[in-house]
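# Structural description and commentary
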Protein chains: 2
Amino acid sequence: MAQLRIALAQTDPAVGDLAANADKLLKWTRRAADRGAHLVVFTEMFLTGYPVEDLVLRRSFVDASIATLEAAARRLADEGLGELPVVVGYVDRANLEPRVGLPKGTPLDAAALLHRGRIVTRTAKHHLPNYGVFDEYRYFVRGDRLPVFRLHGVDVAIAICEDLWQEGGPVSVAAEAGAGLLVVPNASPYEREKNDVRLELVARRAREAGCPVVYVNQVGGQDELVFDGDSLVVDAQGRLLARAGQFVEDLLVVDLELPAASADARPGRFTVDAKDGTMITVERLELSADPVAPYAPEPPRIADRLDDLAEVYAALVLGVRDYVAKNGFSSVILGLSGGIDSALTATIASDALGPDRVHVVLMPSRYSSDHSLTDAHELVRRQGVHARVAPIAEIVNAVEKEIDLHGLAEENLQARIRGAVLLMGLSNEHGHLVLTTGNKSELATGYSTMYGDAAGGFAPIKDLFKTMVWDLSRWRNAQAGRENEFLHGFAEPPIPEHSIIKEPSAELRPDQRDTDSLPPYEILDRLLIDYVERDMGRDELIAAGHDAELVARVIRMVDRAEYKRRQYPPGPKITPKNFGRDRRLPITNRWRETAP
Amino acid sequence: MAQLRIALAQTDPAVGDLAANADKLLKWTRRAADRGAHLVVFTEMFLTGYPVEDLVLRRSFVDASIATLEAAARRLADEGLGELPVVVGYVDRANLEPRVGLPKGTPLDAAALLHRGRIVTRTAKHHLPNYGVFDEYRYFVRGDRLPVFRLHGVDVAIAICEDLWQEGGPVSVAAEAGAGLLVVPNASPYEREKNDVRLELVARRAREAGCPVVYVNQVGGQDELVFDGDSLVVDAQGRLLARAGQFVEDLLVVDLELPAASADARPGRFTVDAKDGTMITVERLELSADPVAPYAPEPPRIADRLDDLAEVYAALVLGVRDYVAKNGFSSVILGLSGGIDSALTATIASDALGPDRVHVVLMPSRYSSDHSLTDAHELVRRQGVHARVAPIAEIVNAVEKEIDLHGLAEENLQARIRGAVLLMGLSNEHGHLVLTTGNKSELATGYSTMYGDAAGGFAPIKDLFKTMVWDLSRWRNAQAGRENEFLHGFAEPPIPEHSIIKEPSAELRPDQRDTDSLPPYEILDRLLIDYVERDMGRDELIAAGHDAELVARVIRMVDRAEYKRRQYPPGPKITPKNFGRDRRLPITNRWRETAP
């Protein structure tokens with residue numbers, strides 16, 4: 001056996017800011033060196049950020065990625081860090097002849113091993129995910145090599161992210177090559193309950209590869225994705241040895257006892273059946289043959305896990321914080337109605353940015369009930385956000401002098417004066433980002449007004465069903481008094497209890513209730529999960545116990561609202577299937593589950 | 001040699017309306033039978049419509065597709081059409097074991113041969129496009145069979161759409177199998193100058209396959225895609241024999257002299273190297289061995305081609321007509337400013353729907369010049385569309401009593417009162433679809449207001465650069481007096497000359513001109529084509545002759561406007577790269593071509 005100290009650099013790269021990412025590479029490598037690490041592993045496409053979408057189809061971008069990698073290797077050596085091997089993700093190209101069906105420039109989702117100022121070897125992701133939020137056949141050609149480098153007498157193999165998720169390929173080849181350790185840079189976005197899936201997966205692959213696995217994941221919000229970190233290390237039996245924090249940058253250092261490499265395995269190349277219909281070339285390299293001198297290992301760290309609601313809340317806070325900061329905003333604005341959706345959105349914003357950077361507008365109409373204003377004012381008092389009141393009655397009157405509106409058209413008008421006119425006007429005047437306050441139940445059923453309550457730049461709770469909005473609001477109130485990375489230290493519960501318990505209403509006409517148009521949310525949300533997230537058809541939904549008439553009605557509502565969802569702002573993905581990259585349907589669509 | 005009369009059913013299927021598509025299958029098969037055809041070929045995924053996106057991931061949808069196919073086969077026979085073989089596209093499934101990386105339910109982009117009430121054989125697309133507007137690795141697993149059926153002594157092979165575009169695969173196998181004819185159902189969307197590419201491609205594949213090719217393409221608008229038809233038949237040397245009309249449903253009937261099948265080639269299966277790294281199984285079948293009795297062929301029809309501008313215009317008209325009709329609208333509404341963008345949009349709408357279904361609103365502000373109103377009124381007079389005037393000054397005043405706005409915020413307010421408040425209000429009240437009037441130059445540079453001029457359900461000219469807007473307006477005016485499928489019979493030029501020649505202005509502040517913020521459009525558009533459509537980086541743009549400072553400025557504008565484009569309505573794709581399915585970039589993105 002041989003010892004190695006591995007550093008997992010669980011970081012948040014900036015999409016497109018290659019210079020900043022290179023600086024971070026240097027800084028974190030120095031931290032790892034200071035901790036005595038023998039190898040540091042960064043995340044997938046760390047130098048470019050992930051995902052970068054069509055940027056990889058630009059020659060200038062791929063050129064910059066490769067140039068940044070080369071400069072980073074030299075710079076690490078120049079700064080005295082050349083002896084510490086670094087595995088880092090970036091974008092490379094395969095230099096294949098162009099042909100129809102190949103992405104332009106044949107980019108690779110690549111990783112390199114840097115050592116002593118040189119790029120010792122390069123590899124690329126073999127399995128390309130093209131489902132859910134991923135479109136990687138659009139962007140990459142598949143890698144077909146597995147580097148195995150000897151480090152202090154241990155053979156270390158490199159695979160990338162999806163290579164763990166699909167059968168065969170690099171994991172299978174790592175076993176055949178007799179690797180003593182498999183290191184895996186990842187950019188795996190958060191969704192509820194994915195952590196457990198990930199741990200089981202990594203454990204299974206470790207057993208298949210017959211060696212420990214070091215799984216390093218990205219952290220941070222990027223448009224509708226939130227990367228949760230949760231990097232981990234398992235032993236060859238799949239037992240958890242170390243685990244980093246969730247939703248925070250974290251340098252996890254772990255000491256491993258690893259099998260010494262076989263003396264028979266010499267530098268060179270050979271080709272192996274990857275058990276997925278392809279062949280993979282193993283490239284053996286040697287950095288250093290001799291084991292490190294025996295040392296006393298540090299006790300491994302296993303960070304505490306957040307529970308389900310805490311995890312969702314952390315994802316939303318990080319998603320908002322990063323969208324705001326990375327897009328150059330310093331403050332947000334939103335309409336506060338007194339209802340629960342805007343109350344929770346304001347609270348997330350306060351936790352993400354601090355209440356001083358949160359601006360709320362109370363925009364009462366003739367239909368607003370008294371408690372709407374008092375509940376909103378109470379939230380303002382508890383959180384200390386900036387507030388102003390802007391009644392809409394006079395503007396409504398001015399519009400109705402020009403055009404005659406009734407019923408739904410008049411209801412929508414009120415929403416649009418609030419969203420498109422007042423909030424967007426204040427946003428333009430003062431530079432605040434408008435937060436949209438709609439939830440997933442509304443977005444699913446089309447219970448929202450385009451350019452009204454749907455207006456804004458980012459929609460923090462768009463992937464939360466209404467029942468989850470309530471659960472999360474109660475959870476957040478129960479944390480009052482706590483203060484951490486994701487919670488501002490409010491002494492009292494930040495959301496007025498009345499906003500949680502009162503019957504939901506859009507208050508766009510007298511005595512309106514959500515239940516005038518929608519079934520009770522407990523029933524609706526269960527049906528929406530089955531229809532929207534699980535793709536069940538009408539018969540399956542009825543077989544699953546949903547009321548047949550309700551199934552027909554809700555399916556019709558969901559299908560007809562597709563055009564509204566297309567113009568909705570992005571927001572953090574929380575569920576297995578969000579409205580956005582995850583669920584893609586035509587607007588022009590006569591398919592009716594209800595008419596078999 | 002043997003004779004065959006082939007009918008190409010160039011049709012517009014309804015996405016998701018399987019019953020309507022099955023009815024159309026019957027109706028068009030009867031038309032083909034009445035014309036004496038020996039074989040009728042429909043388009044790719046005709047029974048489901050194309051594209052259907054995530055619908056193929058639902059079991060209920062794929063079940064319905066297969067059931068519809070089976071019922072259609074029986075119904076054709078019941079209606080006395082069973083003797084006429086039919087090739088038709090639909091969605092099937094491969095019944096593979098589920099695993100990560102495979103689309104749920106393993107759907108196939110399939111085609112079937114129907115004869116005498118039975119499904120004689122089924123095949124599926126082998127090459128899956130996953131670039132540009134296509135995401136087919138998300139949806140389908142690849143087919144690995146090539147059916148070759150003997151019809152009246154001729155061996156006929158079936159390939160599907162992308163199988164023609166990529167090297168190797170079915171075309172190569174058709175040659176090896178000695179096919180005497182290759183029939184190809186397609187759903188290939190329009191873009192400028194694609195027709196010539198398509199003809200050359202089909203000719204090349206005919207030479208490779210060593211036999212004539214029958215290319216049947218879909219027609220009709222489907223969200224942002226417009227299918228242009230342009231079905232064609234080439235001989236084994238690649239010479240054009242027959243061609244259907246563009247942008248219209250068309251039954252093209254062609255008589256072919258084809259090589260008689262070899263007596264050695266008997267029913268059965270064998271596997272062939274497809275020259276693309278895969279194997280394909282050839283399945284030989286026999287419907288009928290004896291040639292048809294000699295008959296006098298009809299002279300082949302080669303429909304006239306539209307020239308470039310006529311083609312673009314037809315695509316826009318069809319795109320608008322189909323979006324409106326297929327989404328259940330009967331009328332449209334738009335703001336008419338007196339400028340060229342709204343004038344052209346109104347004209348396209350009049351041509352698509354008839355002026356009686358077009359409603360325009362003139363919404364002057366304190367900054368509107370006199371000619372804006374007179375030019376707009378003049379268009380109304382020439383076209384006979386419905387018009388109303390709704391000044392915005394009083395509404396602006398009412399808003400400014402509540403909140404204090406300056407500069408850009410005040411400009412945006414005017415745009416939002418027009419778009420989100422007045423047009424959307426009238427849309428909700430009267431059921432008109434709002435048409436958005438922005439062009440591609442504006443969309444690229446962010447020279448538009450979210451929820452203002454960007455509000456609406458469909459954006460007819462969003463893929464036209466401003467210079468193209470002018471060219472197309474002049475072209476349309478020159479057609480005055482003509483009347484056809486795409487042109488309403490206006491006696492005088494429908495667009496006032498002054499709207500075309502005047503200097504463009506948004507008129508949101510005194511004496512505003514587009515050139516205050518933007519370079520002249522002749523220069524801007526050339527740069528945008530190179531940056532947006534050709535993915536050139538900064539250095540390439542400068543090397544291509546663009547001014548370095550302008551390159552920096554325009555790139556910054558384009559990159560910063562990504563968030564606006566995400567909330568823009570869909571509109572017909574005309575260029576090789578539209579804003580929509582074709583160009584996908586992160587909003588949160590620090591990549592700057594200008595900072596190398």
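Residues numbered from 1 in each chain as written. Chains lettered and ligands numbered in written order. Predicted model: local features only at pLDDT ≥ 70, side-chain atom pairs only at ≥ 80, totals over all residues. Heavy atoms only, no water.

## A short note on the overall build of chain A
Stated formally: Each helix is a run of H or I in the DSSP string that is no shorter than four residues. Each strand is a run of E no shorter than two, and both are numbered from the N terminus. Each radius of gyration reported is based on C-alpha atoms, and the globular scaling rule is 2.2 Å times the count of residues to the power 0.38. Type-normalised accessible area, obtained with a 1.4 Å probe on protein chains alone, sets the label of each residue: buried when under 20%, exposed when over 50%, and partly exposed for intermediate values. Note on definitions: a residue-residue contact is assigned when non-hydrogen atoms from the two residues lie within 4.5 Å. Under the convention used here, Asp and Glu are negative, Lys and Arg are positive, and both His and the chain ends fall outside the count. Charge positions are represented by NZ for Lys, CZ for Arg, CG for Asp and CD for Glu.
Counting its secondary structure elements, chain A contains 18 helices and 20 strands. Taking 25 Å as the expected radius of gyration for a compact globule of 596 residues, we find that chain A reaches 26 Å, a close match to that expectation. With respect to the principal axes defined by its C-alpha atoms, chain A has extents near 85 × 55 × 45 Å. Relative to its 596 residues, chain A shows a buried fraction of 66%. Look at the contacts in chain A between residues 6 or more apart in sequence, and 75% of them connect residues 24 or more apart. Looking at chain A, you have 70 positive and 88 negative side-chain charges, and the mean spots of the two groups are 3 Å apart.

## Description of the sheet that holds strand β5 (residues 118-124) of chain A
Residue and element names in this part refer to chain A. Going by this rule: Following DSSP output, two strands are said to pair if at least two bridges run between them. Only the stretch in contact is used when a helix axis is fitted, and all axes are lines through C-alpha atoms; the angle between N-to-C directions ranges over 0 to 180 degrees.
Reading across from one edge, β5-β4-β3-β2-β1-β14 is the order of the 6 strands in this open sheet, with mixed pairing throughout. Unpaired on one side and paired on the other, β5 and β14 (250-258) mark the two borders of the sheet. Across the sheet, the mean angle from the axis of one strand to that of its neighbour is 35°, orientation sign disregarded. For strand β2 (residues 39-41) and strand β3 (residues 86-93), the ladder comprises 2 bridges, and the chain directions are parallel. Bridge pairing in β3 places V40 opposite V86. Packed onto the sheet, helix α1 (residues 18-34) meets β1 (2-10), β2, β3, β4 (107-115) and β14 and runs at close to 50° relative to β14. Against the sheet, helix α2 (residues 59-78) contacts β3, β4 and β5, and its axis sits at roughly 155° relative to β3.

## Some words on the relation of the copies chain A and chain B
Condition: The copies are overlaid by a least-squares fit using only the C-alpha atoms of residues whose pLDDT is at least 70 in both copies.
Overlaying chain A with chain B gives an RMSD of 0.0 Å, the required rotation being 180° about an axis along which the chain moves by 0.0 Å. Each copy turns onto its partner about a two-fold axis. It is Q567(A) whose C-alpha, among those of chain A, lies nearest the rotation axis, at 2.1 Å. A high fraction, 99%, of the interface residues of chain A reappear at the interface in chain B, so the copies pair face to face through one surface.

## Section: the packing of helix α13 (residues 466-478) of chain A against helix α15 (residues 521-533) of chain A
Residue and element names in this part refer to chain A. This is how it is decided: Note that Gly is not counted as nonpolar here; it falls among the polar residues with everything else outside the nonpolar set of Ala, Val, Leu, Ile, Met, Phe, Trp, Tyr, Cys and Pro and the charged set of Asp, Glu, Lys and Arg.
Closest axis-to-axis distance for the α13/α15 pair is 8 Å, and the angle between their directions is 115°. Of the residues in α15, those touching α13 at K466, T467 and W470 are Y521, E522 and D525. Residue classes in the contact of α13 with α15 are distributed as 2 nonpolar, 1 polar and 3 charged.

## Focus on helix α7 (residues 308-326) of chain B
All names here are of chain B. What counts here: To estimate the expected span of a helix, subtract one from its residue number and multiply by 1.5 Å.
Here α7 spans 27 Å end to end across 19 residues, near enough to the 27 Å set by a 1.5 Å rise per residue. Counted residue by residue, α7 has 16 buried out of 19 residues, so it is predominantly covered. After α7 finishes, the residue G328 shows a positive phi value of roughly 80°.

## Some points on the interface of chain A and chain B
Going by this rule: Reported buried area values correspond to the accessible surface (1.4 Å probe) lost by two parts on association, with both partners' losses combined. Salt bridge, as used here, is a side-chain nitrogen of Lys or Arg placed within 4 Å of a carboxyl oxygen of Asp or Glu.
At the interface, 87 residues of chain A touch 86 residues of chain B. The contact between chain A and chain B buries some 7500 Å² in all, and 53% of this surface belongs to carbon and sulfur atoms. Per-residue buried area on chain A facing chain B is highest for R58(A), T588(A) and W591(A); these three make up 10% of the total on that side. Where chain A touches chain B, the interface holds 8 salt bridges.

## As for the confidence of the model for chain A
For the record, the criterion: pLDDT measures how confident the predictor is about each residue, on a scale from 0 to 100.
Per-residue confidence for chain A averages 96 on the pLDDT scale, and 99% of its residues sit at or above 70. Model confidence for the complex: the whole-complex pTM is 0.97, and ipTM, which rates the interface, is 0.96.

## Observations concerning the pattern of salt bridges
If you walk through the whole model with that rule in mind, you get 120 salt bridges over all chains. For E136(A), the salt bridge is made with K125(A), and the minimal N-O distance between the two is 2.7 Å. Here K125(A) lies in the loop between β5 and α3 (136-139) and E136(A) lies in helix α3, a separation of 11 residues in the sequence. Relative accessible area serves as the criterion here: at 1%, K125(A) is assigned to the buried category. The salt bridge involving D235(A) is made with R239(A); its shortest N-O contact spans 2.8 Å. For D235(A), a relative accessible area of 11% translates into the label buried. Three or more residues are tied together by salt bridges with common partners; here these are R58(A), K104(A), D535(B), K577(B) and E593(B).

## Focus: the sheet that holds strand β17 (residues 332-335) of chain A
Residues and elements named next belong to chain A. One open sheet holds the 4 strands; their spatial order is β19-β18-β17-β20, and the pairing between them is parallel. Both edges of this open sheet fall to β19 (386-389) and β20 (433-434), since each of them pairs with a single strand only. Where helix α8 (residues 340-353) meets the sheet, its contacts fall on β17 and β18 (358-362), and the angle it forms with β17 comes to roughly 165°. Against the sheet, helix α11 (residues 407-430) engages β17, β18, β19 and β20, with an angle of about 165° to β17.

## Examining the environment of L379(A)
All names here are of chain A. Looking at where L379 falls in the secondary structure, it is placed in helix α9 (residues 370-383). Placed 32 residues apart in sequence, L379 and T347 show a C-alpha to C-alpha distance of 8.8 Å. Once residues lying within four places of it in the same chain are set aside, the contact partners of L379 are L336, A343, A346, T347, G384, P494 and P496.

## Notes on the environment of L241(A)
Residues and elements named next belong to chain A. Mapping L241 onto the fold places it in strand β13 (residues 240-243). Given a relative accessible area of 25%, L241 falls into the partly exposed group. Setting aside its immediate chain neighbours within four residues, L241 contacts V233, V234, D235, L256, P300, R301 and I302.

## Overview of the packing of aromatic side chains
The condition is simple: For Phe, Tyr and Trp, rings pair up if their centres lie within 6.5 Å, where Trp contributes its six-membered ring, and each pair is then called stacked (planes under 30 degrees apart), edge-to-face (over 60) or tilted (otherwise). Geometrically, a lysine NZ or arginine CZ counts as sitting over a ring once it is within 6 Å of the ring centre and also within 35 degrees of the ring normal.
According to the stated counting rule, one finds 22 aromatic pairs over all chains in the structure shown. On the numbers, 6.2 Å between centres and 85° between planes, the contact of F247(B) with F486(B) is edge-to-face. Taken together, the positions of F247(B) in the loop between β13 (240-243) and β14 (250-258) and F486(B) in the loop between α13 (466-478) and α14 (497-501) put the pair 239 residues apart, joining distant regions of the chain. For F247(B), a relative accessible area of 2% corresponds to the buried category. Members of the aromatic cluster, joined through ring pairs, are Y190(A), F247(A) and F486(A). Sitting over the ring of W28(B), R31(B) keeps its end group 4.5 Å from the ring centre. For K466(B), the ring lying beneath its charged end belongs to W470(B), and the centroid distance is 5.6 Å.

## Some points on the packing of helix α10 (residues 393-402) of chain A against helix α10 (residues 393-402) of chain B
Here is the rule we go by: Any angle between 65 and 115 degrees counts as roughly perpendicular, while under 35 counts as roughly parallel, over 145 as roughly antiparallel, and the rest as oblique.
Between α10(A) and α10(B), the shortest axis-to-axis distance is 9 Å and the interhelical angle comes to 180°. Compared by their axis directions, α10(A) and α10(B) come out roughly antiparallel. On α10(B), the residues touching E394(A), I395(A), A398(A), V399(A) and E402(A) of α10(A) are E394(B), I395(B), A398(B), V399(B) and E402(B). When grouped by side-chain class, the residues that make up the contact of α10(A) with α10(B) number 6 nonpolar, no polar and 4 charged.

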